[in-house]
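These are the residues of each chain, in order.
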Amino acid sequence: MKRIQIPKVVASIGAGAIAVLYAHAQTSAPSAAALEPIAFLTAHEWDAKLPDSPEGKKKKIHAQFTWAQNRQAIRISNEFVTDGKASPYIDGLYAWDPQQGVIVFWYVSAEGSLTKGTVKMKDGKLVHEFQETQPDGKTAEFVARVTPRGNEGWDNEIFARKANGLTPLVKVRYQIAK
């Protein structure tokens, strides 16, 4: 029978554990750094004024972006506010996808539609390319161009992707919530 030397086994296990911990430390930091292009969203809560309703009610979107505790993702939680009364809009998450080498996002609307897509910086704009899947399974493609405006706000232009190109849908400016 062959004798196994306990100290060698313990040393091998210890070296393996150190290698795993080192590899984890090396791979976790880039995720947080990769989210820097959208990190400004976490600096404040934001409001985007919408056109008044046909009945004259004041409408806006209230947006909140917060870092996850592990700083590897940014949570998004938005609500519609009509004459001061809030109602759920979307909840989701931004994260770094190391396989694709891009920021990805997912969110679910209050009605149950699922939106997922990617974010890339292009010409000073955060270009969101995404697909929305309705509860009935129907899908639509969109592009949003988010343009940071210093520390005071940002613009969001949303376009529907059609066979013949992009069709503008809406443009709103988000400002620090009061």
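Small disclaimer: the values here were computed from a predicted structure and weren't measured. (Residues numbered from 1 in each chain as written. Predicted model: local features only at pLDDT ≥ 70, side-chain atom pairs only at ≥ 80, totals over all residues. Heavy atoms only, no water.)

A. Spatial organisation of the pairing of strand β4 (residues 85-97). In this structure, strand β3 (residues 73-82) lies alongside β4, joined through 10 bridges in antiparallel fashion. Bridge pairing in β4 links E79 to P88. Remark: two residues form the turn of the hairpin made by β3 and β4, two consecutive strands paired antiparallel; D83 in that turn has positive phi of roughly 50 degrees. Where β4 lies against strand β5 (residues 102-109), eight bridges are found, and the strand directions are antiparallel. (Pairing = 2+ DSSP bridges. Helix = DSSP H or I, 4+ residues; strand = E, 2+ residues; numbered from the N terminus.)

B. The arrangement of unusual backbone geometry in detail. Of note in the backbone geometry, D83 takes a positive phi value of approximately 50 degrees without being a glycine. When you line up the elements, D83 lands in the loop between β3 and β4. A positive phi angle is found at D123, which is not glycine, with a value near 55 degrees. With respect to the helices and strands, D123 occurs in the loop between β6 (114-122) and β7 (125-133). The exposure class of D123 is exposed, given its relative accessible area of 73%. (Buried < 20%, exposed > 50% of the residue type's maximum accessible area, 1.4 Å probe, protein only.)

C. Inspection of the environment of A63 at higher detail. With respect to the helices and strands, the residue A63 is situated in strand β2 (residues 59-67). When neighbours within four sequence positions are excluded, A63 is seen to be in contact with E45, W46, S77, N78 and Y174. (Contact = heavy atoms within 4.5 Å.)

D. View of the environment of Y107. Positionally, Y107 belongs in strand β5. Using a relative accessible area of 18% as the deciding quantity, one classes Y107 as buried. Sequence spacing of Y107 and I76 is 31 residues, and the spatial spacing of their C-alpha atoms is 8.0 Å. Residues in contact with Y107, not counting those within four places in the same chain, are I90, D91, G92, S113, L114, T115 and F130.

E. Summary view of the packing of aromatic side chains. Counted according to the given criterion, the structure contains nine aromatic pairs. On the basis of an interplanar angle of 20 degrees and a centroid distance of 6.0 Å, the ring pair of F105 and Y107 is categorised as stacked. Judged by relative accessible area, which is 2%, F105 ranks as buried. By way of ring pairs, the aromatic residues W46, F65, Y94, F105, Y107, F130, F142, W154 and Y174 are connected into one cluster. Its guanidinium or amino end placed over the ring of W67, R71 lies 4.2 Å from that ring's centre, counting from NZ or CZ. (Phe/Tyr/Trp six-rings, centres within 6.5 Å; stacked < 30°, edge-to-face > 60°. Lys NZ or Arg CZ within 6 Å of the ring centre and 35° of its normal.)

F. Main features of the nonpolar core. I38, F65, I74, Y94, V119, W154 and Y174 are the most contacted members of the largest nonpolar core, which totals 29 residues. Examining the composition of this core, we find that four residues originate from one element, β2, more than from any other. Apart from residues lying up to four places away in sequence, Y174 is in contact with W46, D47, A48, I61, A63, E152, G153, W154 and N156. (Core = buried A, V, L, I, M, F, W, Y, C linked by side-chain atoms within 4.5 Å.)

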